[in-house]
Amino acid sequence: MYTKLLFRLIKFYCLTSIFSASLLANQAIRQPTEIPGHYNVQYYKPLYLQNPSIQLHIYGTAGVSDWMLNNVSYMAQNMINNMRSSSNRSRFNNHHIFVITDNDPDVPYSSLPGHKNTGTVGFTILNQTIICAEAVDTLYPNLPPTWRAWDTPIHEFGHAIEHTLGLEGQSDSVFRAAESNYNSSVAREYFSWNTEHWFDASLSTNNSGQTLQSKRSAMKQGIFQYFNSIFNYNSNWKPTCAGRPDPGTGGNGGTINLSSLVGSYERRPIQNDWHKVSITRENTNTLRWTNAAGRSWLINYTDGRLSTTNNSPYGAQVVEVQFNSNNQPISLRFNGGTYTKVAGGSGGINKSNFIGQYSRLPVENGWHQVEISLDNSGELLWSNNSGYSWRLLFNNNQLRTGNDCPYGAQTIEVSVNNNQVSSLRFLTGNYIKTNNNGLQAEDFVGQYARYPIQNDWHQVTITLDSSGSLIWRNNAGYEWPLMYSNEQLTTLANSPYGAQNLNFTQSANGEVESLEFNYDNYTKID
């Protein structure tokens, strides 16, 4: 269900019609009372619209793109601004719109599995997966993927309009008189269906050249008169899919270099071998997905889009790519999970790069503190603080344990930053290279960014307060304390995310260069 957990990983926006926003000092967002217990907005500093007649609150979960939030906001504001009556427009003050993904919980209070879109008084919930995309509606999982433009969000916001303005009785009279095959069992759908038509949600006029006014005039007379009394007939606003981040382009609008996707990926936390993946090049337009459980399937690249084929256990699905600020792929999103690209060895490193101290955090026993050294024969040796050691083999840019390892021969995944080993993932643990450099709390002070930067929560400054405590502060204005003790960096329980350990990496000279928090990597930028 929609609990505090869901919206702890949230992006929050309230935007003007030109997408500029300002902080509303000392203003608390009204907690939606229509669905008590499912939403918690206390952690999100409000933004307000410069247009004083409307205050919309737009939220998005972690997988929702900035483009989607901006355009959903633009849609809602234009539909409201198209209303003839200022009194009607004012009724949408404090309306909440929640944009979610297939990976988020269903609509609360609904008994229908896969129900992820709704609109009513006070709030609207929209699934970005079926906006300007060819996708399967989770409410109808057995139907084939269907292309939709703005059909669903305009339809659902149409429900919100009808209920917010109290038009149910008038709608029943209008549609019963106008529709010869009127079906009372779907009475609440007629207004939304015609709202789609009025605002050209399917973008059909883009193809036919028909104007919005001629399209509206073609409506049945009674329905046209009804909608013309609510909305401005002469308005030319209609939605657009232009610029939507394509699952295959990461939003850059260009083509993908498939070779850049080749490599190793992890879905964290790793819970089974299906969460460890290797991507290889099959041919010009095809990649192969192979997991550590030995299962593999093809990924085709057509029309700027990556998608699995029917030989995947999950069927044909879109594979989304996320890029960093340098337009390099950093993760793949597939079947509701994010697979982060990891280094599995590098041609730029050699055996000597592995030498040093490593810790698996939190350190719970001697097996979690490790030294890698070169023995007398020049071979790598893994030694833990419990007194056990075994050989490591580094060949063909791959690090493996030897047969003398108590866990048998295993591949160790290597993370490299600036041609320096920063961490090793062995079995299910991540061993951070610490170099025993005696880091102090002040070594973490600085500015950090999570790429790609999608909202103000992804830009962070860590400072020391007057008591010497570390403070994590993001550009959205939220902050919480950090504690560094016994080479372990943690958030406290009063963090919006609760108490968590933060892994960190260091450069060759021992300086902190990145933090891993809540499965995201924050790179130090100063």
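Just above sits the structure.
1. Overview of the pattern of salt bridges
Applying the stated rule across the entire model yields six salt bridges. E162 is paired through a salt bridge with R188; the nearest N and O atoms lie 3.3 Å apart. With E162 in helix 4 (residues 151–164) and R188 in the loop between helix 5 (168–178) and helix 6 (190–198), this pair connects stretches of sequence that are 26 residues apart. For E162, a relative accessible area of 0% puts it in the buried group. For the salt bridge of D200 with K215, the shortest nitrogen-to-oxygen distance reads 3.8 Å. With D200 in the loop between helix 6 and helix 7 (205–208) and K215 in helix 8 (residues 212–217), this pair connects stretches of sequence that are 15 residues apart.

2. Notes on the state of the cysteines
With the rule as written, the count across this model stands at one disulfide. The residue that forms a disulfide with C132 is C241, at a sulfur-sulfur distance of 2.0 Å. Taking the torsion about the sulfur-sulfur bond, which here is approximately -80 degrees, the covalent link between C132 and C241 counts as left-handed. In this pair, C132 is assigned in the loop between strand 7 (123–127) and strand 8 (133–135) and C241 in the loop between helix 9 (221–230) and strand 10 (263–267), connecting sequence segments 109 residues apart. Of the two residues, C132 and C241, both sit in the buried class.

3. Some thoughts on the packing of aromatic side chains
Throughout the structure, instances matching the rule amount to 43 aromatic pairs. For the pair Y182 and Y190, a centre-to-centre distance of 5.0 Å together with 20 degrees between the ring planes defines the contact as stacked. Measuring from ring centre to ring centre gives 6.4 Å for W274 and Y314, while their planes differ by 85 degrees; the resulting arrangement is edge-to-face. A residue pair is termed long-range when its members are at least 10 positions apart, and W274 in the loop between strand 10 and strand 11 (276–283) and Y314 in the loop between strand 14 (305–308) and strand 15 (320–323) qualify at 40 residues.

4. What to know about the nonpolar core
W150 and F157 are the most contacted members of the largest nonpolar core, which totals 45 residues. Elements that contribute at least two residues to this core include exactly strand 4 (56–61), helix 2 (66–81), strand 5 (95–100), helix 4, helix 5, helix 6 and helix 9. For this core, the element with the highest residue contribution is helix 2, accounting for eight residues. Core analysis: the next-biggest nonpolar cluster, separate from the first, contains 23 residues, A476, Y478, L489 and Y522 among them.

5. Considering unusual backbone geometry
Unlike most non-glycine residues, N94 shows phi in positive territory, near 70 degrees. By the element assignment, N94 lies in the loop between helix 3 (86–90) and strand 5. Here C132, not a glycine, exhibits a phi torsion of approximately 55 degrees, which is positive. By relative accessible area, C132 is classed as buried at 3%.

6. Quick notes on the sheet that holds strand 31 (residues 501–506)
With antiparallel pairing, the eight strands of this closed barrel are ordered in space as 26-27-28-29-30-31-32-33. Ignoring strand direction, the axes of neighbouring strands in this sheet form an average angle of 30 degrees.

Each value, and the rule that gives it
- Within every chain, residues take consecutive numbers counted from 1 along the sequence as written.
- Side-chain atom pairs in this predicted model are given and counted only at pLDDT of 80 or more, local residue features only at pLDDT of at least 70, and totals for whole chains, interfaces and linings cover all residues.
- Heavy atoms from the whole structure form the basis of all side-chain values; hydrogens and water molecules are not counted.
- The term salt bridge refers to a side-chain nitrogen of Lys or Arg lying within 4 Å of a carboxyl oxygen of Asp or Glu.
- Here a strand is any run of E in DSSP of at least two residues, a helix any run of H or I of at least four, and the numbering for each starts at the N terminus.
- Per-residue accessibility, obtained with a 1.4 Å probe over protein chains only, is compared with the maximum for each type, and a residue is labelled buried under 20%, exposed over 50%, and partly exposed between these values.
- Pairs of cysteine sulfur atoms within 2.5 Å are what we label disulfides.
- Each Phe, Tyr or Trp ring, with Trp reduced to its six-membered ring, pairs with another whose centre is within 6.5 Å; inter-plane angles below 30 degrees give stacked pairs, above 60 give edge-to-face pairs, and intermediate values give tilted ones.
- What is meant by a nonpolar core is a set of buried Ala, Val, Leu, Ile, Met, Phe, Trp, Tyr and Cys residues, joined one to another through side-chain atoms within 4.5 Å.
- In this analysis, strands are considered paired if DSSP registers two or more bridges between them.
- Axes here refer to lines fitted to C-alpha atoms; in helices the fit is confined to the stretch in contact. Angles between the N-to-C directions go from 0 to 180 degrees.

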